[in-house]
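So you can see what is in the structure, the chains are spelled out below.
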Amino acid sequence: MSQIKHITNTLKALLKQHKITYKELAKQLDMSEANVKRVFSTQTFTLERLEQVCHVMNINLSDLFLLAEKQQDQLTELTEEQEQQLVDDLKLLLVAVCVRDGWSYAEIIEHYQIDRFECTRLMAKLDKLKMIQLLPNNQYKLLIAQDFRWRKKGPLERFMQQQVLTQFMQTNFEGEDCFRFYLRGSYSDASIVTIQRKLNQVTKEVALLNQEDAQLPLSQRKHIGLLMAMRPWELPQFAKLRR
């Protein structure tokens, strides 16, 4: 795939994640919707136009190029089978998480109860699942995008709901590097779209930071869990008081 085609595909994916239509983008760029569609279909972007599109999504041009490079031919969503195999094998899931975060083969066996033979077997299984590409000397190329999403109602989502999220929230969030914030309100449809767009942007930026920090030694990194959630909701105690 040519670089400009891949950049175009990356832009399309970002626009979709930000829920920005060609019509809305055309309005932001002071162009006709037909011209916007033509630029995307013919892939005739100038650097100035690319920068303008990035500005609409509140990202830098350099972020676009980095994302296009890092996520070229990478999985943004796992299959049902891939997710199920991860959920069925805790150590396989652990190694998958480690490689996504840029851990080396040596770092995995140093920090976890996984010996060399087992680590090799698990990484070979990830290679068979097409989540990584094994290279000589236990090196690998990651084939999972940093911002990949769980399948809706899939094995990983069910695992997270049943095993992870409840435990994650069972703390006072008062320690170092902890943060918890809850805000409720009544919003218009337009405001909800804006909030969703900004949350998607934060997700994208966090994924990029994780990719960049993977180059640092483990001693300079910490395990961090970040949960962002939004849905129509009212406190059950309030709902009971409705007429």
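Everything discussed here concerns the structure shown above.
Residues numbered from 1 in each chain as written. Predicted model: local features only at pLDDT ≥ 70, side-chain atom pairs only at ≥ 80, totals over all residues. Heavy atoms only, no water.

Trainee: Tell me about the packing of helix α7 (residues 90–100) against helix α9 (residues 116–128), residues and numbers included.
Mentor: Here α7 crosses α9 at 75°, and the two axes come no closer than 10 Å. Judged on the interaxial angle alone, α9 and α7 are roughly perpendicular. The residues of α9 that touch α7, namely those facing Lys91, Leu92, Val95, Ala96 and Val99, are Glu118, Leu122, Met123, Lys125 and Leu126. Across the contact of α7 with α9, the residue classes tally to seven nonpolar, no polar and three charged. (Axes fitted to C-alpha atoms, helices over the stretch in contact; angles between N-to-C directions. Helix = DSSP H or I, 4+ residues; strand = E, 2+ residues; numbered from the N terminus. Parallel < 35°, antiparallel > 145°, perpendicular 65-115°, else oblique. Contact = heavy atoms within 4.5 Å. Nonpolar A, V, L, I, M, F, W, Y, C, P; charged D, E, K, R; others polar.)

Trainee: Let's hear about the packing of aromatic side chains: which residues, and what values?
Mentor: By the definition in use, this model includes five aromatic pairs. Their ring planes at 90° and their centres at 5.0 Å tell us that Phe40 and Phe45 sit as a pair that is edge-to-face. For Phe40, a relative accessible area of 3% puts it in the buried group. Seen in terms of ring centroids, Phe168 and Phe173 are 5.9 Å apart; in terms of plane orientation they differ by 75°. Their pairing is edge-to-face. (Phe/Tyr/Trp six-rings, centres within 6.5 Å; stacked < 30°, edge-to-face > 60°. Buried < 20%, exposed > 50% of the residue type's maximum accessible area, 1.4 Å probe, protein only.)

Trainee: Outline the pairing of strand β2 (residues 132–135), listing residues and values.
Mentor: As paired strands, β2 and strand β3 (residues 139–142) are joined by four bridges and run antiparallel to one another. Bridging across to β3, Ile132 finds its partner in Leu142. A loop of three residues connects β2 with β3, the two strands running antiparallel in sequence, and Asn137 in this loop sits at a positive phi of about 60°. (Pairing = 2+ DSSP bridges.)

Trainee: Kindly report on the side chain of Glu107, identifying the contributing residues and their values.
Mentor: As for its placement among the helices and strands, Glu107 is situated in helix α8 (residues 105–111). Engagement of the side chain of Glu107 in a polar contact is seen with the backbone nitrogen of Ser104, the distance being 2.9 Å. Excluding residues that lie within four positions of it along the chain, Glu107 makes contacts with Gly102 and Leu218. (Polar contact = N/O pair within 3.5 Å; in protein donor to acceptor, adjacent residues only side chain to side chain.)

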